[in-house]
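# Structural features, examined
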Amino acid sequence: MTMTTNTLPGSACATCPMSRHLARLGVRMDSWDYVVALAGNPNTGKSTVFNALTGLRQHTGNWPGKTVARAEGGFEYGDKRYKIVDLPGTYSLLAASADEEIARDFILFGQPDVTVIVVDATRLERNLNLALQVLEITDKAVVALNLMDEARRHKLSVDERRLARDLGVPVVPLTARRGEGIAALLQMVHGVATGEIKPRPHHLASTRDSALDRAVSQLVTRIEAAFPGLPNARWVALRLLDGDASIESAIRDGSLGDLSRGPQTASVAERLVLAGAAS
Amino acid sequence: MSDPAADLLQTARALRAEVGAGMHDQLAEALYTDAARLADRAVTRPDERPRFDLDRAIDRLVTSRTWGFPIMILLLTVVFWITIQGANVPSRLLATLLLDTVHPALKDGASALGFPWWLSGVLFDGAYLAGAWVISVMLPPMAIFFPLFTLLEDFGYLPRVAFNLDRLFSRAGAHGKQALSMTMGFGCNAAGVVATRVIDSPRERLIAILTNNFAICNGRWPTLIMVSTIFIGSAVPAALAGLVSAAAVVGIAVLGVLLTFAVSWFLSRTMLKGEASVFSLELPPYRPPRIWQTLYTSVIDRTLIVLWRAVTMAVPAGVVIWTMSNVTIGGQSAAEHLVNLLDGFGWLLGLNGVILVAYIVAIPANEIIIPTILMLTVLTAGLSGVGEGAGVMFELESGNAIRNILGAGGWTTLTAINLMLFSLIHNPCSTTILTIYHETRSLKWTAVATALPLLLGFAVTFTLATAARLLGWV
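One structure accompanies this document, and this report is about it. None of the values given here were measured: they were computed from a predicted structure. (Residues numbered from 1 in each chain as written. Chains lettered and ligands numbered in written order. Predicted model: local features only at pLDDT ≥ 70, side-chain atom pairs only at ≥ 80, totals over all residues. Heavy atoms only, no water.)

Once that is clear, we can look at the state of the cysteines. Tallied over the entire structure, the rule returns zero disulfides over all chains. Its sulfur unpaired, B:Cys217 is 6.3 Å from the next cysteine sulfur, which belongs to B:Cys429. (Disulfide = S-S within 2.5 Å.)

Here you go:
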C-alpha cells in the first residue's frame, strides 16, 4: 500500500482513537522496538514535539541552536516501544559543522525506523530544503507541519494533502505546543515504523547538467555493485562527487557496507549512541 | 582482485575532477528550486498584505543601532532590580526558619540524644548549616531571576541580543554565533561551552570556548547580587539602594561582555589567527510566552537543579570547613594557617586570605563562596558573640549583620569591588573545565581556558588595588 496523503489508515479505527494508548516513558528505556529520529530546522519546535511524546520537560527555547547535542527519550504506543532521539536543529545535512554531522550521521548510520521531519509551516520553503535532503537519505519519514497556529495567525493556508502528495511521505499538521495533531502524528509514525505505510518520497529531479547526471549514474552503478542493497546509493554518489570526507571514510572502513546488509540499528546505532554519550 | 571500496573511491575522485567544483552550487540550487516549487504549490498567501507587522516593528526597535544597546541594558537592569527587591523578604523568612528555628532544634536534639560534640558539630554546624545557607541565600533570587530570564528567552529576545552583538564579534575576529554560546553561558558556562558546537570553524569555536567563562553563570549571580546589595547598595540612600545595586550587577555583566570581545580580539590576533567567517542568523518570530509553563519549567529545570547542585557541593564543603576549623596544629586551626598563608597575596589583589581560601574550596561550585567567606571571616577575625564556635555557619538576620562581620574582617569597598571583579574573572568551575576537555579533547586548550581567566583576574584586581592605594582611596 502506498500512502501518499494524510488520510488515516484503517478508517475503522477513526471511531476509536483511544484504542492505541500513548504511554510516555520519559528516559526510562532499556529496550525498544523502533527508533524514531526527530529532525528539522532550528527553532521549529522539535523539542516541543519531543516533550509531547515522551512526557519529558526538556527546556524549549525560542531561539535557534537550543538543542546542540542529542536528547533521547521513550514512549509506548500501540503495544510497541519507541525510542525517540531529538537531533540538533540544522539548516542542511551537508555536515559542515558538528551539529549537522551529528544529525546526518544519525539518520544515515543510525538507520532510524522513522525520521520525523519537523517543519515550520510559516517558513515552508526554507524548511523544505532540509526535508528534501532527509528524503534523499531515507524513505521512512513523516513530515510534521508544525506551528500551524502561527500560520493561521499570519493568514497562511497550507495544503497538507498536496504537500504530502508532492513529497510522497505522510504530512501531519501540528500545533505541538498545544498538543494538537500529536495523536495523528503518532498514528503515522506507527504506520511507517510497522511498514503499514510505505512512503515513496520525492527525489531531486536530475540536474540540468548532463555531465553531472552521467557521473552520478556511473557512480551509482559502482556503489550498487560494491554495496548491494544500499538504500540511498544516489545520495552517496552525490556526496562522493562533492568530496565528503566522512562518507569516503565510511566506505573505507566498511561502515557503509554494514548499512547495505539491511537494518542493524543494534551495532551501528549503539556505537553512535555511545559516541554521543561520551561528548 | 582489487578492493571494490578502494576502486569505488578512485572512480569517484576521477569523476569529481571531471564534474568540477561547480557541482556543490548546482546541487544546492537544485534543492532550493525544488523546495521553492513545492512550497509554492502548497501555500496560499492572503491577498491583502497585513497592514501592520508587529514583529517587524519590534525588531526595528530592539535591533536598531541607536536603541538596541540601551534597551538591552535597560531590560537586564529591570530583571535584576525585580530580583534584588523581590528576594529580600523570602530570603529573610527562609533564614529565620532554617537557621534560627531548625538549627537550634537539631543541636538540642543532638545533645538530648548524647551525640559527641564532634559528631553534632560535623553534622549540624558543618553539613546542615552549609546546605541551609545556600538554600536561604540562593533560592529566592533564583526563583525570581530564572523565570524572568526564561520569559525573555521564550519571547524570542535572545536572538536579537545575538544580532546586536554580531557586528562587535566579527570586528573582534570571532564568529557571530559566539553571541549565542555566550548567552547560554549566562545560564551555565558548561552549557555555553557545549553550545559552541554550532560554530563550524574550529578556530572560532576555540575562541568561543576560551571566552565563555566571562559570561556570568548561575553560580555567580547570587554572589554578585549579594555583595552588591550589601556594599554598593548601602552606600547610597535607601530609596535608590535597589536600583544602584542592580546597576552594579549589570555593570559587572557588561564588563564581562567587553572582556569577551577584548580577549577574543587578542586571541584572534595571537594564538588563533584568522578571518571571521560569515553566517546568517535567523530571527525567529516573537511568540507570546506561555507564562505558567515557563514558570513551571524554569523552577523545575533551572532553579531546583542548580539549587540541588549547590546543596550537594555545599554539604561536603561544610564538613571540610568545619573540620579545617576544628583541627588545630600548633595552637592554630588548619583553616587559620591556610588563611594566613594566603593573606599576603590576597592583600596584593585587594582581597584577603579568606576570599582566596573560599575560592579554592568553591572550585566545584561557585555557589558556596559567600557562606564560606562569612564562616572563615568569623573564625579569623575572632569575633565573639557571633556564631557558636569555630567553623559554625551562623545565623544572620539582615544584610547589615553581614556587613558588620565583614567590616570586622577588615573589608572595605575596595574588597567588595575586587571580590565582584574576581568573581567575574577567575578560573571556570570544575564542571566547566571538564566540559572544555570533553569538547576540545586537548589538555593544552583546557589548561589555557583555566589559566587565562585566573591570571587575568589576578592582573585586574592587582592593578585596581594598587591604583586605589596609590591614589589614597583606601
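What follows concerns the interface of chain B and chain A. Counting from both sides, the interface comprises 61 residues of chain B and, opposite them, 68 residues of chain A. Between chain B and chain A, roughly 6,000 Å² of surface is buried when both sides are summed, and carbon and sulfur atoms account for 59% of that area. Where chain B packs against chain A, one counts three salt bridges. Across two bridges, strand E7 (residues 157-158) of chain A lies against strand E1 (residues 43-44) of chain B in antiparallel orientation. Within E1(B), the residue paired with A:Ser157 across the bridge is B:Thr44. (Contact = heavy atoms within 4.5 Å. Buried area = accessible area lost by both parts, 1.4 Å probe. Salt bridge = Lys/Arg side-chain N within 4 Å of Asp/Glu carboxyl O. Pairing = 2+ DSSP bridges. Helix = DSSP H or I, 4+ residues; strand = E, 2+ residues; numbered from the N terminus.)

Right, let's talk about the environment of A:Arg178 for a bit. Residues and elements named next belong to chain A. Inspection of the secondary structure assignment puts Arg178 in the loop between strand E8 (171-173) and helix H6 (182-194). You can call Arg178 exposed: its relative accessible area is 54%. For the pair formed by Arg178 and Ala52, sequence separation is 126 residues and the distance between their alpha carbons is 9.0 Å. (Buried < 20%, exposed > 50% of the residue type's maximum accessible area, 1.4 Å probe, protein only.)

Another point: a nonpolar patch on the surface. Residue and element names in this part refer to chain B. The grouping of Leu74, Val78, Trp81, Ile82, Leu240 and Leu243 at the surface amounts to a nonpolar patch, some 530 Å² of accessible area in total. Broken down by element, the residue count for the nonpolar patch peaks at four residues, all from helix H4 (residues 68-112). Mapped onto the elements, Leu240 comes out in helix H11 (residues 238-269). (Patch = residues over 30% accessible without salt bridge, like charges linked within 9 Å, V, L, I, M, F, W, Y side chains within 5 Å. Areas by Shrake-Rupley, 256 points an atom, 1.4 Å probe, with all protein chains shown as cover.)

All right, on to the nonpolar core then. Residues and elements named next belong to chain B. Formed by 105 residues in total, the largest nonpolar core has its most connected members in Phe80, Leu165, Trp221, Ile373 and Leu419. Broken down by element, the residue count for this core peaks at 14 residues, all from helix H5 (residues 117-155). Excluding its chain neighbours within four sequence positions, the residues that come into contact with Leu419 are Val227, Leu351, Ile355, Tyr359, Ile373 and Trp411. (Core = buried A, V, L, I, M, F, W, Y, C linked by side-chain atoms within 4.5 Å.)

Moving on, we get to the packing of H4(B) against H11(B). Residues and elements named next belong to chain B. Two elements in contact, H4 and H11, have axes whose closest approach is 8 Å; the angle formed by their N-to-C orientations is 130°. When the axis of H4 is compared with that of H11, the two are oblique. Every pair of crossing elements has a handedness; the one defined by H4 and H11 is right-handed. Contacts between H4 and H11 involve Ile73, Leu76, Thr77, Phe80, Trp81, Ile84 and Gln85 from the first element and Gly242, Leu243, Ser245, Ala246, Val249, Val250 and Val254 from the second. (Axes fitted to C-alpha atoms, helices over the stretch in contact; angles between N-to-C directions. Parallel < 35°, antiparallel > 145°, perpendicular 65-115°, else oblique. Left-handed = near helix turned anticlockwise from the far one by under 90°.)

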